[in-house]
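Each chain is listed here by its residues.
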Amino acid sequence: MTLRPDDETRAAPADSTPERLRIDRADRPSPLTILFAFGGLSGTLAAGYGVLFTIVDDYKTEYGIDETAIGLIIGIGFLSGFISQILFAPYADRGHARKVVVLGVLVSVLGLLLMAVGTSLVPILLGRVINGLGVGAAGPAIRRIVILADPTNLGSNLGRLLSADVFGFAMGPAISAVLVGPFGIPSPFIVVGVASLVLLPFVARVHVDETSAENRPRKRLAFDLLANRPFAGATVLAGVGYIMIGGFDALWSLVHDELGTAEWIANLGITLFALPLFFLGPRGGRLAQTFGPFKLSAIGLFAGAGFLLGYGLLPTGGLIFALAMVHAVSDGLTISAAGVAAGMVVPDDRQAGAQGMLGASQALMAGVMAVVTGYVYETYGRTVAYSTVAGAIVVVTSIGLWLARGAWSLRRPLT
């Protein structure tokens, strides 16, 4: 199915949710509940992905794990998340959203604990696989719950959630940087795991609108949704956002070491980068809904390519730090646009499967880019590595926009 600009109102009216999926306004979770319960949980799950980026040197010196094996550990977590989101996310559309969230979080924590106690390649690698499976299952189910809880405010609510997700992913390396020195390698895994368990009970307090038995989709997987070209375009654009983030995180620590930047500046930079993603997420999601998610995503991703290129050309760590702060504001306003686009072009009873496809695209592209970027940096240096990431962003974004060309002007006014 392809949406045409003149079909916007008919395809995505301001309140298009079927009666069977609506909940009374009094039962809808407040923005604070969405942010704390689901945003916090989503952020801690994403942080579990990111904690490895700043302890690669510690793995090498403490456990004797070489760079190639470290790249495998990082990449395989994204790959297992990719598989999990494809296989398990559709179960949330078939009346099991809350169960998928709970089981996914528990599996994720199990993987984190295995990485905490492991001191050699095999247990750490296994823990990373298990963690990726748990995160991949829980993430799309969380997004489905939030999308259907208040469809009129899809943009701002999904913006809160997706910004928390990116915030957590960006904060993972910062958590490791702060904790590993004084408390050892296991500490960030334990802290993130405990935080996930603490937030899990709050999910039980939120109304979950499960799909009734007679309306559950028959499709076991969500690949058929890719026949909807605007959704296919949104899937590609969502992955590009994680090409950008994966390249940024994989090189940040290495580049500042190369340039002799003070360690506190490097650590502060990655922490401050995450803050605009957190605070601007709701505004960005609302802007995506009213201005147009595909247009906003294009602006943010092409700007991101320019920022990545700048990191490769600037001569000092201080200038890179300053540019990163501008980049963070841009991402905060635009990073949720692809997720909002998917929520607007997919039927309500397929939202979890759709968000799983988006997450799978993000995991796959982030994993590939993290491995490729590290290799290019080691072989050809900083400028070529950042240029490679920037070029990939431009090319893949163009593909996504071409796929979504029939819905370029899609938007949903607030009511």
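What this report covers is the structure whose coordinates are included nearby. Just so we're clear, the structure is a prediction, and the values are computed from it rather than from any experiment. (Residues numbered from 1 in each chain as written. Predicted model: local features only at pLDDT ≥ 70, side-chain atom pairs only at ≥ 80, totals over all residues. Heavy atoms only, no water.)

## Overview of the overall build of the protein chain
Right, so step 1: A count of helices and strands for the protein chain gives 16 helices and 0 strands.
Right, so step 2: Relative to its full complement of 415 residues, the protein chain shows a buried share of 59%.
Right, so step 3: Long-range contacts, defined here as pairs at least 24 residues apart, represent 85% of the contacts in the protein chain between residues at least 6 apart. (Helix = DSSP H or I, 4+ residues; strand = E, 2+ residues; numbered from the N terminus. Buried < 20%, exposed > 50% of the residue type's maximum accessible area, 1.4 Å probe, protein only. Contact = heavy atoms within 4.5 Å.)

## Structural notes on the packing of helix α7 (residues 154–183) against helix α9 (residues 229–259)
Right, so step 1: In the contact formed by α7 and α9, the axes pass within 11 Å of each other and the chain directions differ by 15 degrees. The angle between α7 and α9 places the two elements in the roughly parallel class. Between α7 and α9 lies a crossing whose hand is right-handed. Within the contact between the two elements, α7 uses Asp165, Val166, Phe169, Ala170 and Pro173 and α9 uses Tyr242, Ile245 and Asp249. (Axes fitted to C-alpha atoms, helices over the stretch in contact; angles between N-to-C directions. Parallel < 35°, antiparallel > 145°, perpendicular 65-115°, else oblique. Left-handed = near helix turned anticlockwise from the far one by under 90°.)

## Points about the pattern of salt bridges
Right, so step 1: In this structure the tally under the stated criterion is 1 salt bridge.
Right, so step 2: A salt bridge links Arg350 to Asp224; its shortest N-O distance comes to 3.0 Å. Highlighted residues: Arg350 in the loop between α14 (337–345) and α15 (351–380) and Asp224 in the loop between α8 (186–203) and α9, separated in sequence by 126 residues.
Right, so step 3: Take Asp224: its relative accessible area is 31%, and that puts it in the partly exposed class. (Salt bridge = Lys/Arg side-chain N within 4 Å of Asp/Glu carboxyl O.)

## Regarding the nonpolar core
Right, so step 1: The biggest cluster of nonpolar side chains holds 124 residues, and the ones touching the most others in it are Tyr59, Phe189, Phe231, Tyr311 and Ile393.
Right, so step 2: Considering each element in turn, this core owes the most residues, 16 residues, to α9.
Right, so step 3: Not counting residues within four places of it along the chain, the set of residues in contact with Phe231 comprises Leu225, Leu226, Ala342, Val345, Val346, Ala354, Met357 and Leu358. (Core = buried A, V, L, I, M, F, W, Y, C linked by side-chain atoms within 4.5 Å.)

## Focus: the packing of helix α10 (residues 263–279) against helix α13 (residues 317–334)
Right, so step 1: With their axes 7 Å apart at the nearest point, α10 and α13 run at an angle of 20 degrees to one another. With respect to α13, the element α10 is oriented roughly parallel. Along this stretch, α10 crosses α13, giving a crossing that reads as right-handed. On α13, the residues touching Ile265, Leu268, Gly269, Leu272, Phe273, Pro276 and Leu277 of α10 are Phe321, Ala324, Met325, His327, Ala328, Val329, Asp331 and Gly332.
Right, so step 2: Residue classes in the contact of α10 with α13 are distributed as 11 nonpolar, 3 polar and 1 charged. (Nonpolar A, V, L, I, M, F, W, Y, C, P; charged D, E, K, R; others polar.)

## Side note on α14
Right, so step 1: Summarising burial for α14: 9 of the 9 residues are buried, a large majority.
Right, so step 2: Here α14 has its buried residues at Ala337, Ala338, Gly339, Val340, Ala341, Ala342, Gly343, Met344 and Val345.
Right, so step 3: Residues of α14 that are buried make contact with α7, α9, α11 (281–291), α12 (293–313), α13 and α15.

## Quick notes on the packing of aromatic side chains
Between two aromatic rings, the relevant description is the distance of the centres plus the angle of the planes.
Right, so step 1: Evaluation of the coordinates by the stated rule reveals 5 aromatic pairs.
Right, so step 2: Following the ring pairs from residue to residue traces out a cluster consisting of Phe248, Trp252, Phe273, Tyr311 and Tyr386.
Right, so step 3: Of note, Lys295 hangs over the ring of Phe291, and the distance from its end group to the ring centre comes to 4.8 Å.
Right, so step 4: Note that Arg405 overlies the ring of Trp402, its terminal NZ or CZ placed 4.3 Å from the centroid. (Phe/Tyr/Trp six-rings, centres within 6.5 Å; stacked < 30°, edge-to-face > 60°. Lys NZ or Arg CZ within 6 Å of the ring centre and 35° of its normal.)

## Structural notes on α15
Right, so step 1: Look at α15: 42 Å from first C-alpha to last across 30 residues, which is about the 44 Å you get at 1.5 Å a residue.
Right, so step 2: Across the 30 residues that make up α15, a large majority, 21, are buried.
Right, so step 3: Remark: Gly381 follows α15 within two positions and exhibits a positive phi of approximately 100 degrees. (Expected span 1.5 Å × (residues − 1).)

## Describing a nonpolar patch on the surface
Right, so step 1: A contiguous nonpolar patch, built from Leu79, Ile83, Leu87, Phe88, Tyr91, Val107, Leu133, Leu364, Val368 and Val372 and spanning about 740 Å² of accessible area, is present on the exposed surface.
Right, so step 2: For the nonpolar patch, the secondary-structure elements that each account for two or more residues are α4 (67–88) and α15.
Right, so step 3: Top contributing element to the nonpolar patch by residue count: α4, with 4 residues.
Right, so step 4: By the secondary structure assignment, Leu133 is in helix α6 (residues 121–149). (Patch = residues over 30% accessible without salt bridge, like charges linked within 9 Å, V, L, I, M, F, W, Y side chains within 5 Å. Areas by Shrake-Rupley, 256 points an atom, 1.4 Å probe, with all protein chains shown as cover.)

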